[in-house]
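Per-entry structural report
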Amino acid sequence: MKRIGEKLKSLREEKHLSVDELALELGFAKTVIWGYESGKKQVSITHLELLADYYKVSIDFLLERGQISNKLDLQQVADLSSINLVVDDQLVNQEELAELTSYLQVKRRLKEEEEQQIKKQTAK
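Here's what I pulled together on the structure shown here. (Residues numbered from 1 in each chain as written. Predicted model: local features only at pLDDT ≥ 70, side-chain atom pairs only at ≥ 80, totals over all residues. Heavy atoms only, no water.)

Within the secondary structure layout, L91 lies in strand β2 (residues 90-91). Its relative accessible area of 57% is what places L91 among the exposed residues. For L91, the contacting residues outside a window of four places in its chain are N84, L85, V86 and E96. (Helix = DSSP H or I, 4+ residues; strand = E, 2+ residues; numbered from the N terminus. Buried < 20%, exposed > 50% of the residue type's maximum accessible area, 1.4 Å probe, protein only. Contact = heavy atoms within 4.5 Å.)

Turning our eyes to something else, we now look at the packing of aromatic side chains. Tallying each qualifying case throughout the model produces one aromatic pair. Judged by centre distance (5.2 Å) and plane angle (75 degrees), the ring pair of Y54 and Y55 falls under edge-to-face. The buried category is assigned to Y55, whose relative accessible area is 8%. The ring of F61 carries K7 above its face, with NZ or CZ at 4.0 Å from the centroid. Between the NZ or CZ atom of K15 and the centre of the ring of Y54, over which it lies, the distance is 5.4 Å. (Phe/Tyr/Trp six-rings, centres within 6.5 Å; stacked < 30°, edge-to-face > 60°. Lys NZ or Arg CZ within 6 Å of the ring centre and 35° of its normal.)

Moving on: helix α4 (residues 45-55). Given 3.6 residues per turn, any residue in an α-helix points the same way as the ones three and four places further on. For α4, the set of buried residues is H47, L48, L51, A52, Y54 and Y55. Buried positions in α4, seen along its axis, are confined to an arc of 165 degrees and lie on one side of it. For α4, exposure combined with an orientation more than 90 degrees from the buried face picks out I45, T46 and D53. Downstream of α4 by a residue or two, K56 has a phi angle that is positive, lying close to 60 degrees. (Arc of directions from axis to C-beta.)

Turning next to the pattern of salt bridges. Applying the stated criterion to the full structure yields four salt bridges. Notably, a salt bridge pairs E37 with R12, separated by 2.7 Å at the nearest N-O pair. Taken together, the positions of E37 in helix α3 (residues 30-38) and R12 in helix α1 (residues 2-14) put the pair 25 residues apart, joining distant regions of the chain. For the pair shown, E37 and R12 are each scored as buried. (Salt bridge = Lys/Arg side-chain N within 4 Å of Asp/Glu carboxyl O.)

So, about the nonpolar core. Ranked by internal contacts, the top residues of the largest apolar core, which has 19 residues, are L8, L51 and L62. At the level of elements, α1, α2 (19-26), α3 and α4 are the ones that each hand at least two residues to this core. Of the residues forming this core, the biggest block, five residues, is contributed by α4. Dropping the residues within four chain positions of it, L62 is found in contact with I4, K7, L8, L11, L48, L51, A52 and V57. (Core = buried A, V, L, I, M, F, W, Y, C linked by side-chain atoms within 4.5 Å.)

Our next topic: the side chain of K7. Relative to the helices and strands, K7 resides in helix α1. Within polar-contact distance, the side chain of K7 engages the backbone oxygen of F61 at 3.5 Å. Not counting chain neighbours up to four residues away, the residues in contact with K7 comprise F61, L62 and E64. (Polar contact = N/O pair within 3.5 Å; in protein donor to acceptor, adjacent residues only side chain to side chain.)

It is worth spelling out a negative patch on the surface at this point. A cluster of like negative charges, contributed by E112, E113, E114 and E115, occupies part of the molecular surface. Of the residues examined, E112 reaches a relative accessible area of 48% and is grouped as partly exposed. (Patch = residues over 30% accessible without salt bridge, like charges linked within 9 Å, V, L, I, M, F, W, Y side chains within 5 Å. Areas by Shrake-Rupley, 256 points an atom, 1.4 Å probe, with all protein chains shown as cover. Lys, Arg positive; Asp, Glu negative; His and termini not counted. Charge placed at Lys NZ, Arg CZ, Asp CG, Glu CD.)

A separate point is the packing of α2 against α4. Describing two packed helices takes the angle between their axes plus the distance from one axis to the other. The N-to-C vectors of α2 and α4 enclose an angle of 105 degrees; their axes lie 11 Å apart at closest approach. Taken together, the axes of α2 and α4 are roughly perpendicular relative to one another. Every residue of α4 that contacts α2 at L22, E25 and L26 is listed here: L50, L51, Y54 and Y55. In terms of residue class, the contact of α2 with α4 is made up of six nonpolar, no polar and one charged. (Axes fitted to C-alpha atoms, helices over the stretch in contact; angles between N-to-C directions. Parallel < 35°, antiparallel > 145°, perpendicular 65-115°, else oblique. Nonpolar A, V, L, I, M, F, W, Y, C, P; charged D, E, K, R; others polar.)

Right, here's the structure in full:
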């Protein structure tokens with residue numbers, strides 16, 4: 001709780017707001033703001049959402065959570081309707097996905113061959 005409190009205080013200070021001003025802006029009691037910033041009070045989910053929106057940051061940023069990544073095997077994607085891959089503000093279709101996959105495979109093979117050539121030359 002203390003770390004989120006420090007982050008909230010820092011964000012408030014960056015906006016040059018007093019506790020009173022922020023409390024008025026958000027409709028919170030100033031004791032609530034003090035409690036959050038000091039780490040003595042746990043931030044409610046509702047207030048967390050309001051604070052993130054107010055400061056224009058994500059809840060994950062406030063909670064110091066990293067981005068969660070999922071592995072997506074493009075060769076195993078049978079149906080693109082469940083996935084929105086976008087390039088230049090346009091959805092990637094099945095044909096483009098196949099081309100992209102082939103391109104990457106060829107590029108990687110060429111790189112491996114180039115690295116092997118370099119190893120052979122340096123070994124001589």
